[in-house]
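# Results of the structural survey
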Amino acid sequence: PPPDPTKPAKLEITDGTTARYKVREQLAGISFPSDAVGTTSAVAGTVIVNPDGTIDASRSKLVVDLRTIKSDQQMRDGYVQNRTLETEKYPSLEFVPKRAVGLPLPFPSGMGAQAGFQLIGDMTLHGVTSEVTWNVVATFANDMVAGRATTTFGFAAFKMTKPTLARLMSVDDK
């Protein structure tokens, strides 16, 4: 049955959820840039949406275990984890959503109903907490919400060192 619109909606992260980073890089000896992509399925959390559309920030949090991120290059993974993310000291990324802008209420119904909105909250990464806006496209079904959320930020925003290696000519700031 559809959720009761008079009660808070509890949106829980389920198996199959992934988190990833994507950074444009230019390697020495290759004439075109490429995207370095790291992925993990170690994602957990819950978002509580009140009947009036507000987010219950005290009961909402998403967590990504950064120690499990893998790309197609083991050397890159070691560098990113040890020097950029410093996962021994800062093992996770946490996002506490505070508000949703443009989230339709009640939630759209019917198979394949979609909505785009922004999820704004405090993201803690590398020991730094900053307000971040995620752009979300969600697909709603009776008992499930699926979607994709993206955001862009610079290394300096979270006091991370931009990667530099001998065979790496450049890395975008985002």
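Residues numbered from 1 in each chain as written. Predicted model: local features only at pLDDT ≥ 70, side-chain atom pairs only at ≥ 80, totals over all residues. Heavy atoms only, no water.

## A closer look at the sheet that holds strand β1 (residues 9-12)
Taken in spatial order, the seven strands of this open sheet run β1-β4-β5-β6-β7-β8-β9, and their pairing is antiparallel. Since the sheet does not close on itself, it has two edges, and those belong to β1 and β9 (145-150), each with one partner. Here the strands of the sheet are splayed against their neighbours by 25° on average, with no regard to which way each runs. Relative to strand β6 (residues 92-101), strand β5 (residues 61-65) is paired through four bridges, and the arrangement is antiparallel. Its bridge partner being in β6, Val63 is matched across the sheet by Glu94. (Pairing = 2+ DSSP bridges. Helix = DSSP H or I, 4+ residues; strand = E, 2+ residues; numbered from the N terminus. Axes fitted to C-alpha atoms, helices over the stretch in contact; angles between N-to-C directions.)

## Some details on the nonpolar core
Among the nonpolar cores identified, the biggest contains 33 residues, and Leu119, Met123 and Leu125 are the most heavily contacted of them. Of the residues forming this core, the biggest block, six residues, is contributed by strand β8 (residues 128-140). With near-sequence residues (within four places) excluded, Leu119 lies in contact with Ile55, Phe95, Pro97, Arg99, Ala100, Val132, Thr133, Trp134 and Val136. (Core = buried A, V, L, I, M, F, W, Y, C linked by side-chain atoms within 4.5 Å. Buried < 20%, exposed > 50% of the residue type's maximum accessible area, 1.4 Å probe, protein only. Contact = heavy atoms within 4.5 Å.)

## Regarding the pattern of salt bridges
Two side chains of opposite charge can pair, provided their charged atoms sit close to one another. Evaluated as defined, the whole model comprises seven salt bridges. Between Glu94 and Lys61 there is a salt bridge, and its shortest N-O distance comes to 3.6 Å. One end of the pair, Glu94, is in strand β6; the other, Lys61, is in strand β5, and 33 residues separate them in sequence. Taking the relative accessible area as the measure of exposure, Lys61 reaches 37% and is therefore partly exposed. (Salt bridge = Lys/Arg side-chain N within 4 Å of Asp/Glu carboxyl O.)

## So, the side chain of Arg76
Structurally, Arg76 can be placed in helix α1 (residues 74-84). Engagement of the side chain of Arg76 in a polar contact is seen with the side chain of Ser71, the distance being 3.1 Å. Here the side chain of Arg76 touches Asp72 through a polar contact of 2.7 Å, side chain to side chain. (Polar contact = N/O pair within 3.5 Å; in protein donor to acceptor, adjacent residues only side chain to side chain.)

## Observations concerning unusual backbone geometry
With omega at -10°, the peptide bond leading from Leu105 into Pro106 counts as cis. One non-glycine residue, His126, lies in positive phi territory at about 55°. Tracing the sequence through the fold places His126 in the loop between β7 (113-125) and β8. One non-glycine residue, Lys159, lies in positive phi territory at about 55°.

## Points about the packing of aromatic side chains
Taken as a whole and assessed by the stated rule, the structure comprises three aromatic pairs. Here Phe95 and Trp134 contribute two aromatic rings whose centre-to-centre distance is 5.9 Å and whose plane-to-plane angle is 65°, an arrangement assigned as edge-to-face. Of the two residues, Phe95 is situated in strand β6 and Trp134 in strand β8; the sequence distance between them amounts to 39 residues. Residue classification places Trp134 among the buried residues on the basis of a relative accessible area of 19%. The interplanar angle of 35° and the centroid separation of 5.2 Å between the aromatic rings of Phe107 and Phe140 together place this pair among those described as tilted. In this pair, Phe107 is assigned in the loop between β6 and β7 and Phe140 in strand β8, connecting sequence segments 33 residues apart. (Phe/Tyr/Trp six-rings, centres within 6.5 Å; stacked < 30°, edge-to-face > 60°.)

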